[in-house]
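So you can see what is in the structure, the chains are spelled out below.
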Amino acid sequence: MSSTPVPAGQATTSQDASLTSVALIARQAIVNSQHVVIGYELFNRSRSGQAHTAASDVALVFTALSHAGSDELVGKKLIFVNCTHESLTGGHLELVDPEKVVLEISPLGHAASEEVAARLPILQGLRDRGFHLAFNHTVLQSPYAAWLPLADYIKFDLSVLAQDQLAVLLNYANRRSQAELIAEKVENAQQYDFASSQGVQMFQGYWFARPSLVQTKLVAPSQAAILELINLVRKQASTDEIEEVLKKDAGLAFNLMRLINSAGLGMSREVTSFRQAVMLLGLKKLFRWAALLLTASRANGTPSSVGQTAVVRGRLMELLALETVSQEEADEAFVVGIFSLLDVMLRMPMEEALALLSVPEAVRAALLHREGFLGDLLKLAEACESSDDDAFHHAASTLHLSSAQINGAHLQALAWADHVTD
């Protein structure tokens with residue numbers, strides 16, 4: 001998944017749409033009293049009209065997940081996400097590192113007196129799992145007394161609160177809650193000065209930063225591959241079987257590696273192979289991720305020709321590498337092959353595409369400069385596709401591989417890649 005800041009309203013070409021799923025996310029900074037950004041509130045700008053539903057919540061969190069470590073979207077800051085009450089029990093939250101996320105809980109309106117107690121266990125459960133909870137100033141009203149102790153943040157909308165109201169509410173919040181107080185929709189210095197004088201130390205609004213729009217792209221895997229992955233996970237298949245599916249779809253592979261190495265998932269180590277990704281993520285989270293990815297994938301289940309080429313390259317390079325090196329090094333050869341067309345899939349320079357992933361230096365050198373053993377393997381794979389005899393013989397000679405070895409491996413790679421669509 002990649003992200004690119006774009007002007008509001010800029011169209012995406014149909015050619016892009018064939019390979020990628022595009023979403024627009026707006027972010028607005030939340031700053032402290034020293035004007036240092038502590039987090040960003042995210043808004044889904046892709047949904048039609050103003051509908052805010054559980055489905056749009058899931059789409060926003062899913063799209064943002066893999067950007068949780070990228071400077072384009074949130075960097076290492078907190079993510080503030082508006083939630084419907086229906087989405088608070090969604091499996092998508094199991095994929096998120098709770099310490100990175102603030103769930104903004106909406107008020108219940110006229111149903112508050114009946115619903116507050118009923119929804120309390122859900123909110124308490126989220127808090128127990130480590131999520132931060134934010135409410136607006138209505139949580140200070142008596143019907144919400146049971147929710148108030150759960151508040152990590154309380155937001156005060158300066159566009160609807162007069163100064164005398166704001167002063168009373170802030171005073172009450174400081175006395176009755178341990179929550180941090182945020183003045184939002186701050187549009188001028190006078191509002192900022194007044195809120196500061198009342199003890200507020202966190203701020204959000206046009207006076208600090210307007211929401212900026214980020215275009216995100218999800219590399220579209222085939223639905224067949226996603227469904228196969230889901231079925232294997234539900235059957236608690238072996239890591240080998242699951243890895244096999246991931247290796248046969250470039251979009252699936254890219255999105256998983258992007259997710260597993262994002263700060264939003266909270267992994268403490270860099271993951272550089274699909275086997276590691278499967279083992280560290282676990283079957284439960286892998287199932288949740290695959291199910292969400294299925295909803296975001298394109299309707300056409302046929303893998304793109306670009307993705308298919310990348311899969312063949314990866315398998316060919318892996319097979320050739322196994323002629324001379326260990327399985328671990330052969331895994332890196334596969335990664336180079338399957339990611340060698342990321343620049344085409346994401347429609348950006350390879351260096352920018354690689355900035356979205358954590359890959360070993362040898363993999364990076366091969367993809368960017370065709371350097372090293374892995375770079376030589378990639379040059380050979382490219383020569384096999386282009387029928388460039390000179391390049392083929394030069395690469396084969398460099399790697400000390402015979403034509404028989406290369407042609408045999410190429411046929412095996414083609415058959416292996418075709419098997420995924422059977």
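Residues numbered from 1 in each chain as written. Predicted model: local features only at pLDDT ≥ 70, side-chain atom pairs only at ≥ 80, totals over all residues. Heavy atoms only, no water.

1. Overview of helix H5 (residues 189-197)
Thought 1: Along H5, the residues classified as buried are Gln191, Tyr192, Phe194 and Ala195. Taken end-on, H5 shows its buried residues confined to a sector of 165°, consistent with a single buried face. Pointing more than 90 degrees away from the buried face of H5 are the exposed residues Gln190 and Ser197.
Thought 2: Looking at the buried positions of H5, the neighbouring elements they touch are helix H4 (163-176), strand S8 (180-184) and strand S9 (202-204).
Thought 3: Capping of H5 at its N-terminal end is provided by asparagine 188; its side-chain oxygen lies 3.2 Å from the backbone amide nitrogen of glutamine 190.
Thought 4: Looking at the residues trailing H5, positive phi occurs at glycine 199, about 100°. (Buried < 20%, exposed > 50% of the residue type's maximum accessible area, 1.4 Å probe, protein only. Helix = DSSP H or I, 4+ residues; strand = E, 2+ residues; numbered from the N terminus. Arc of directions from axis to C-beta. Contact = heavy atoms within 4.5 Å. Polar contact = N/O pair within 3.5 Å; in protein donor to acceptor, adjacent residues only side chain to side chain.)

2. A closer look at the nonpolar core
Thought 1: With 74 residues, the main nonpolar core has Leu229 and Phe339 as its most contacted residues.
Thought 2: The leading source of residues in this core is helix H10 (residues 305-321), at nine residues.
Thought 3: Once residues within four sequence positions are removed from consideration, leucine 229 is found in contact with Ile242, Val245, Leu246, Leu252, Leu286, Trp289 and Ala290.
Thought 4: Judged by nonpolar contacts, the second largest core, of 47 residues, contains Leu42, Val81, Leu108 and Leu166. (Core = buried A, V, L, I, M, F, W, Y, C linked by side-chain atoms within 4.5 Å.)

3. Let's talk about the environment of leucine 161
Thought 1: Here leucine 161 lies in the loop between strand S7 (153-157) and H4.
Thought 2: Classification of leucine 161 by relative accessible area gives buried; the value is 10%.
Thought 3: Along the chain, leucine 161 and histidine 137 lie 24 residues apart, while their C-alpha atoms are 9.6 Å from each other.
Thought 4: Discounting residues that sit within four places of it in the chain, leucine 161 has contacts with His137, Phe156, Leu166 and Leu169.

4. Observations concerning the packing of aromatic side chains
Thought 1: All chains considered together, the criterion is met by eight aromatic pairs.
Thought 2: Look at phenylalanine 135 and tryptophan 147: their rings are 5.7 Å apart centre to centre, the planes differ by 35°, and that puts the pair in the tilted class. In this pair, phenylalanine 135 is assigned in strand S6 (residues 132-136) and tryptophan 147 in the loop between S6 and S7, connecting sequence segments twelve residues apart.
Thought 3: Connected via pairs of aromatic rings, a cluster forms that spans Tyr192, Phe203, Trp207 and Phe208.
Thought 4: Above the face of the tyrosine 40 ring, arginine 27 is positioned so that its terminal group lies 4.3 Å from the ring centre.
Thought 5: Note that arginine 210 overlies the ring of tyrosine 206, its terminal NZ or CZ placed 4.0 Å from the centroid. (Phe/Tyr/Trp six-rings, centres within 6.5 Å; stacked < 30°, edge-to-face > 60°. Lys NZ or Arg CZ within 6 Å of the ring centre and 35° of its normal.)

5. With respect to the pattern of salt bridges
Thought 1: Following the criterion strictly, the structure yields 14 salt bridges and no others.
Thought 2: Note that lysine 155 is salt-bridged to glutamate 41, the shortest N-O span being 2.8 Å. Separated by 114 residues along the polypeptide, lysine 155 in strand S7 and glutamate 41 in strand S3 (residues 37-44) bring together distant segments of the chain.
Thought 3: Using a relative accessible area of 3% as the deciding quantity, one classes lysine 155 as buried.
Thought 4: Here glutamate 41 falls in the buried class, since its relative accessible area comes to 5%.
Thought 5: Glutamate 318 is the salt-bridge partner of lysine 247, the closest N and O atoms lying 2.8 Å from each other. On the criterion of sequence distance, the pair formed by lysine 247 in the loop between helix H7 (239-246) and helix H8 (250-260) and glutamate 318 in helix H10 is long-range, its members being 71 residues apart.
Thought 6: What makes glutamate 318 buried here is its relative accessible area of 3%. (Salt bridge = Lys/Arg side-chain N within 4 Å of Asp/Glu carboxyl O.)

6. Some details on the pairing of S3
Along any regular strand, the residues point their side chains to alternate faces of the sheet.
Thought 1: Of all the eight residues making up S3, six are buried; the element is thus mostly covered by neighbouring parts of the structure.
Thought 2: Here S3 pairs with strand S4 (residues 78-83) via four bridges, running parallel. Residue pairing across strands places leucine 42 opposite valine 81, the latter belonging to S4. (Pairing = 2+ DSSP bridges.)

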